[in-house]
Amino acid sequence: KADNRYFDLFNVILDWGVTPRSSLEDDTSPQFRALQWLAYDDTGTSNIEAVRTRYALATLYYSTHNVATESGTLRSWHDETHWLSSYPVCLWHGVECHDEDNTLERVKSLNLTSNGMGGTFPDELSMLELDIHFMDISDNGLEGTIPESITKMRNLRKCQMCRWFCLARQIHSPHFAVFSYHRGALFRSQLLQRDDPKEPEPVKPPNASLPQ
């Protein structure tokens with residue numbers, strides 16, 4: 001029965017078109033671990049939209065928690081209250097939802113600033129595209145490339161990736177260096193130092209249920 005749920009979820013995630021098959025089959029990937037959690041440990045919901053949200057957030061967690069740095073130390077979240085629990089995601093630390101009763105698990109805002117995150121920003125977070133309005137994951141130890149998929153978050157009104165005083169050079173993008181998103185405009189970071197008051201220039205962005 002659990003294996004049936006696993007393969008059902010495997011195919012559903014592939015159909016969503018964000019996670020490639022290779023990531024779901026790689027037992028070291030955050031996507032594989034998120035799928036394993038959904039299939040075998042998560043008893044929170046069988047609502048397909050809520051499952052989509054839970055998968056996206058689980059992938060974020062596994063991408064950025066207990067991640068080894070170049071020095072060999074681990075970067076671990078400071079506060080992970082209720083994350084990867086059976087509670088609705090609306091009760092997970094830093095998550096706020098649109099619905100008052102928490103049943104639909106439609107994420108309105110995500111605030112994980114200064115939470116000890118490491119690793120890289122996963123494409124799967126773009127699966128919150130229709131609901132999320134605010135996101136702040138600044139003042140963490142994220143590295144690598146910010147994916148272009150962030151522009152799929154069509155209702156995102158403000159996004160803070162990195163405050164000007166953090167090590168902006170650790171995070172970059174081949175499309176545009178996205179460190180903040182405000183009032184429908186992306187801002188290109190100039191990799192400013194703390195004592196440089198110059199504002200960044202605005203950039204126009206590119207245009208059911210599962211078995212128990």
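Refer to the structure above for everything that follows.
Residues numbered from 1 in each chain as written. Predicted model: local features only at pLDDT ≥ 70, side-chain atom pairs only at ≥ 80, totals over all residues. Heavy atoms only, no water.

### As for the overall build of the chain
Rule in force here: Helix and strand assignments follow DSSP, with helices taken as H or I runs no shorter than four residues and strands as E runs no shorter than two, numbered in order from the N terminus. Here's how the labels work: a residue is buried when its accessible area is under 20% of the maximum for its type, exposed when over 50%, partly exposed in between, all with a 1.4 Å probe on protein chains only. To be clear on the numbers: accessible area is Shrake-Rupley with a 1.4 Å probe, and residue cover counts the displayed protein chains and nothing else.
Scanning the chain for helices and strands turns up four helices and eleven strands. In the chain, buried positions account for 50% of the 212 residues. Accessible area of the chain: about 10,900 Å², with a carbon and sulfur share of 46%.

### A look at the layout of surface pockets
Here is the rule: Buriedness for pockets is judged along seven lines, at least five of which must meet protein on both sides within 12 Å for an open set on the 1 Å grid over protein atoms alone, while cavities are sets there where a 1.4 Å probe fits but cannot get out, and lining residues have an atom within 4 Å of a point. Grid points are joined across faces, edges and corners, and a volume is the space filled by probe spheres set on the points. Residue polarity is assigned by list, with Asp, Glu, Lys and Arg as charged and Ala, Val, Leu, Ile, Met, Phe, Trp, Tyr, Cys and Pro as nonpolar; anything else, Gly included, falls into the polar class.
Estimated volume of the largest pocket: approximately 220 Å³. Lining the largest pocket are 13 residues, with Glu 49, Arg 52, Met 127, Leu 130 and Asp 131 sitting closest to its centre. Of the residues belonging to the lining of the largest pocket, the class tally is five nonpolar, two polar and six charged. Taken together, twelve residues line the second largest pocket, and the ones lying closest to its centre are Thr 69, Arg 75, Gly 119, Gly 141 and Glu 143. Residue composition of the lining of the second largest pocket, grouped by class: two nonpolar, seven polar and three charged.

### Examining the side chain of Ser 85
Test applied: Contacts described as polar in this section are N or O atom pairs within 3.5 Å, which, within protein, must combine one atom able to donate a hydrogen with one able to accept it, while residues neighboring in sequence count only if both atoms come from side chains. Should any heavy atoms of two residues lie within 4.5 Å, those residues are counted as being in contact.
Within the secondary structure, Ser 85 sits in the loop between strand 2 (74-75) and strand 3 (95-97). In terms of polar contacts, Ser 85 uses its side chain to reach the backbone carbonyl oxygen of His 82, at 2.6 Å. Excluding its chain neighbours within four sequence positions, the residues that come into contact with Ser 85 are Trp 37, Asp 42, Arg 54 and Trp 92.

### Describing the pattern of salt bridges
Spelled out, the test is: What counts as a salt bridge is simple: a side-chain nitrogen of Lys or Arg found within 4 Å of a carboxyl oxygen of Asp or Glu.
Counted by the stated rule, this structure contains six salt bridges. In this structure, the salt-bridge partner of Arg 54 is Glu 105, at a minimum N-O distance of 3.0 Å. Here Arg 54 is found in helix 4 (residues 48-64), whereas its partner Glu 105 is found in the loop between strand 3 and strand 4 (107-111), with 51 residues between them in sequence. Accessibility classification places Arg 54 together with Glu 105 in one group, the buried group. Residues Glu 129 and Arg 154 are paired through a salt bridge, measuring 3.4 Å at the closest nitrogen-oxygen approach. Taken together, the residues span a long stretch of sequence, with Glu 129 in the loop between strand 4 and strand 5 (134-136) and Arg 154 in the loop between strand 6 (144-145) and strand 7 (158-160) at a distance of 25 residues.

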